[in-house]
Structure formats: C-alpha cells, structure tokens
Amino acid sequence: MACLATLMVGAHPVVTAAATPEPALAVMAQGQANGQSYTRAALLALAQRRTVTLEVDPEHIGPQVDAVPLAAVMGSGAMPDALRLGASDGFVAELPVSTLTTAAGYGVRPWIAIEDPARPWRSPQGEDLGPFVLVWVGANAGRIGQEQWVDRLVSVQGETAPVARWPGLGLPAAVPRSDPAWRGQALFLSNCMPCHRLNGNGMGDKGPDLGQPVNAVRYLTPAGFHALVRNPRAVRHWDGARMEGFPPAVLSDADIDAIHAYLARLDTGATLRQGKPRE
C-alpha cells in the first residue's frame, strides 16, 4: 500500500499518494549481493536497444517489442557458469551458460523485452506480466523451453554451476560418460529445475520434488513419463496445476528418455508404501 502524505492547506487537509517507485531490473555478478539497477528508461537508453520480432511468443507480448540483448546488461567480465533469473511471482529459472552456447549455435539469443507503459502486457488470463520479460530471438526460438522465457523479470544473478551449489544434483563419477543420464542431467538442470527439486536439491517450488519421498521413476513408467512431459493435463490435473507440456522441438523423445535415466540414477531407493489415507 502506498504511503500517504497529508498536507495542511488552511483548515482543510489534502491527502496525496506518494509516488510509486519505478520498476527496475537488478543485475548482479557472481558473488555480488548488490549490482546495477536498470529502470525502463535506462534500458531503453542503451545503445544496443532494438525493436525485435519474436518468431515465437509464448508470453503473448509481441510480435514486435523493444528489447536489449541480455549480454548488454551483464558487463564485460567473464560469463558466470549460470544465470539465475528471478521473477516477482517467485519463479526462478536457472540458465546454464551451456544453454546460451547451444542456443547461439542455432542462431537464438536471449533479450530483455521492455514494456511500453501505454500498452501494458497481460497474459491471456489477464495477469500483469510486468515491465520486463526475458525472450529469445531467432528463427529457431521454438527450441527454447517455456521455463526459460521469464515474465515479471526482476533480477539476473550470476551464479556458479547448479551442481556446484547442490552436489546432490550431480551424477556419480562412476557413471560411464556414454550413459544417456549425463545428457539427462544437463536437460534436467535447464528444463526441469526451474520448477522441481530433486532429493531436496534446488530452489524450484512450483512443482513436486521428483526424488522425495519416492523417486518419480518408481511410479511413472517410461511411457507414463513421456505422456506427462508432453501433455501434463492429459495425465493428471488439479486446480492450480501450472506445468506446460514440452513439444518435440524443445525435448525430443530421446531427451525425455535421458531425463528419465538421470532420475533413475539418482534414485535413493525409497520404495512405495501404502499409507493411511488423509482424512
């Protein structure tokens, strides 16, 4: 609630609302608690600002938006191992540098789209999407999973690799490098970790932990796992469910198999048990 200031004019008080602070995007390098803050005007003033066309528009803000490359706000230092992208609604996306490298290989790069205040961005459900949205620009942008298109963007934080912060996410060194679980690990970190934890590791809280109390592979067959990833609502649905399906352009069938293999490798061995139904 905005603070109110009361001005006395003669015998009659005049109540005015304090100015609402202008929204800003916080950008912090690895290890920094504070960094650069960019208002809408500051982003628009950057020399790299362009009007870009969105070939894919999952956030429904396009097709053309004013934007600056993500690299333009990251400074000239070495790129961190990962970027943590925070949203005002609590969503946090992990963006490993390997994802940036892979995307650049097929001509796609991340940009920060900047809202025109005269045309505020709204979701199809009427939700405010905020003044800043991380988007991906390029003809192959459909290969980027929706978890890495971040609306309501409020912060960009440089980080060490997720496996360095949460060693429990890493595969045992004894797993052969030819095992598809290694590919599954990379795919999990970029596509699943924004919403899910694994055996308590990570920050995702939009979906269930895929390792606790029982690993998902113990109750989801490979076929069931495929069906859930492709179209969650066709498998199970409840009020408040938020997971969107992953099309083949983002995760191939082999990719889904690899994630399933990764989960299986990190199965702690907890078995299914019949418990007393909740009353």
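First, a word on scope: everything that follows refers to the structure included in this document. A quick note: this is a predicted structure, and the numbers were derived from the prediction, not measured. (Residues numbered from 1 in each chain as written. Predicted model: local features only at pLDDT ≥ 70, side-chain atom pairs only at ≥ 80, totals over all residues. Heavy atoms only, no water.)

Some details on the sheet that holds strand β10 (residues 132-137)
Here's step 1: Strand order in this open sheet of 4 strands is β5-β6-β9-β10, and the pairing throughout is antiparallel. The sheet terminates laterally at β5 (50-53) and β10, the two strands that pair on one side only. Across this sheet, the average inter-strand angle for adjacent strands is 55°, counted without regard to direction.
Here's step 2: Note: β5 against strand β6 (residues 64-69), 4 bridges, orientation antiparallel. The residue bridging T53 from the neighbouring strand is Q64, located in β6. (Pairing = 2+ DSSP bridges. Helix = DSSP H or I, 4+ residues; strand = E, 2+ residues; numbered from the N terminus. Axes fitted to C-alpha atoms, helices over the stretch in contact; angles between N-to-C directions.)

Observations regarding the nonpolar core
Here's step 1: The biggest cluster of nonpolar side chains holds 42 residues, and the ones touching the most others in it are I112 and W136.
Here's step 2: If one sorts the elements of this core by residue count, β10 sits on top with 6 residues.
Here's step 3: Among all residues touching I112, those that are not within four sequence positions of it are L25, L43, D66, A67, V68, L70, V73, F132, V133, L134 and L153.
Here's step 4: One finds L169, W182, C192 and F246 within the second-largest nonpolar core, a separate group that totals 28 residues. (Core = buried A, V, L, I, M, F, W, Y, C linked by side-chain atoms within 4.5 Å. Buried < 20%, exposed > 50% of the residue type's maximum accessible area, 1.4 Å probe, protein only. Contact = heavy atoms within 4.5 Å.)

A closer look at the packing of aromatic side chains
Here's step 1: Taken as a whole, this structure holds 1 aromatic pair when the rule is applied.
Here's step 2: Relative to Y262, the ring of F188 lies with its centre 5.4 Å away and its plane at 45°, an arrangement referred to as tilted. Of the two residues, F188 is situated in helix α5 (residues 181-192) and Y262 in helix α8 (residues 253-265); the sequence distance between them amounts to 74 residues. An identical accessibility class is assigned to F188 and Y262; each is buried.
Here's step 3: The side chain of R143 reaches across the aromatic face of Y106, ending 3.9 Å from its centre.
Here's step 4: Just above the ring of W182 sits the side chain of R177; from NZ or CZ to the centre is 3.6 Å. (Phe/Tyr/Trp six-rings, centres within 6.5 Å; stacked < 30°, edge-to-face > 60°. Lys NZ or Arg CZ within 6 Å of the ring centre and 35° of its normal.)

Notes on the side chain of H226
Here's step 1: Along the chain, H226 turns up in helix α6 (residues 222-230).
Here's step 2: Excluding residues that lie within four positions of it along the chain, H226 makes contacts with D253, I256 and D257.

Section: the packing of α5 against α8
Here's step 1: Across the interface, α5 lies against α8 with an axial gap of 7 Å and an inter-helix angle of 100°. Compared by their axis directions, α5 and α8 come out roughly perpendicular. Note on element contacts: α8 touches α5 through D255, A258, I259, A261, Y262, L263 and R265, opposite A181, R183, G184, Q185, L187, F188 and C192.
Here's step 2: A per-class count over the contact of α5 with α8 returns 9 nonpolar, 2 polar and 3 charged. (Parallel < 35°, antiparallel > 145°, perpendicular 65-115°, else oblique. Nonpolar A, V, L, I, M, F, W, Y, C, P; charged D, E, K, R; others polar.)

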